[in-house]
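An overview of the molecular structure
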Amino acid sequence: MAKKVFNDIKNKSLLNLIDEQINAEFVASYSYLSASCQISSLGWNGIAKFLHQQYNEEKKHADEIISFAQLLSHNVLFKNISVIEMTKKNVLYLLNQLLKMEIENTKKINNILTISLNENNFAVFNFFQSFANDQLLDINKLSTLIQKLSLDKNEAELWYVIDQEYDKMYN
Ligand SMILES: [Fe+2]
Ligand SMILES: [Fe+2]
């Protein structure tokens, strides 16, 4: 009986989605790091610090999902980390790429929640609920920053003030 319950939780398609999600978290982490380095090289150190913190957050997500997979005795299948296109040295372009990535990640998390709920897999459903909240936070942080940087004012002055603000916030 215990074995049957355990096997129900270890549904094959959900385990594949868990593997994919671990990869998506590493891709997110690596992409934030890439954007942070590029923005730092342009001299916007406050914004770079914010992105570096996001890099650590996403890495933590990957670690948490790996621990959860281990709780299920699942042997995680590691895939290559394909970083999203991050080569244009333009702050708003990079932030918009990250925002697109977070929107895609939200869809992936929502898919895991929908499937686990349909299958009455409450262990998986409960675990991923907080990830849905984190996605909302990440999307909010990025879109707020994009909005602020897009305000129609003297650009250099405005960006300087915002960068200083982020420099103080992410210490
Ligand atoms: Fe994440
Ligand atoms: Fe995220």
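Residues numbered from 1 in each chain as written. Chains lettered and ligands numbered in written order. Predicted model: local features only at pLDDT ≥ 70, side-chain atom pairs only at ≥ 80, totals over all residues.

Further remarks concern the packing of helix 2 (residues 12–41) against helix 4 (residues 91–118). Interaxial distance between helix 2 and helix 4 falls to 11 Å at its minimum, and their mutual angle equals 165°. Regarding the angle of helix 2 to helix 4, the classification is roughly antiparallel. For the pair helix 2 and helix 4, the sense of crossing is left-handed. Seen from helix 2, the contacting residues are L14, L17, Q21, A24, A28, S31, Y32, A35, Q38 and I39; seen from helix 4, they are V91, L94, L98, M101, N105, K108, N111, I112, I115 and S116. (Axes fitted to C-alpha atoms, helices over the stretch in contact; angles between N-to-C directions. Helix = DSSP H or I, 4+ residues; strand = E, 2+ residues; numbered from the N terminus. Parallel < 35°, antiparallel > 145°, perpendicular 65-115°, else oblique. Left-handed = near helix turned anticlockwise from the far one by under 90°. Contact = placed C-beta atoms within 7 Å.)

Core analysis: the largest hydrophobic core is formed by 33 residues, its most contacted members being I39, I47, L51 and L98. Going through the elements one at a time, helix 2, helix 3 (45–71), helix 4 and helix 5 (122–149) are the ones with two or more residues in this core. Here this core gets 11 residues from one element, more than from any other, and that element is helix 2. Beyond its immediate stretch of four places on either side in the chain, L51 contacts Y32, A35, S36 and I39. (Core = buried A, V, L, I, M, F, W, Y, C linked by C-beta atoms within 7 Å. Buried ≥ 20, exposed ≤ 12 C-beta atoms within 10 Å, placed from the backbone.)

Quick look at unusual backbone geometry now. In the Ramachandran plot, S73 falls in the positive-phi region, its phi being about 55° despite a non-glycine side chain. Tracing the sequence through the fold places S73 in the loop between helix 3 and helix 4. Despite not being glycine, N120 has its phi angle at roughly 55°, a positive value. With respect to the element layout, N120 can be found in the loop between helix 4 and helix 5.

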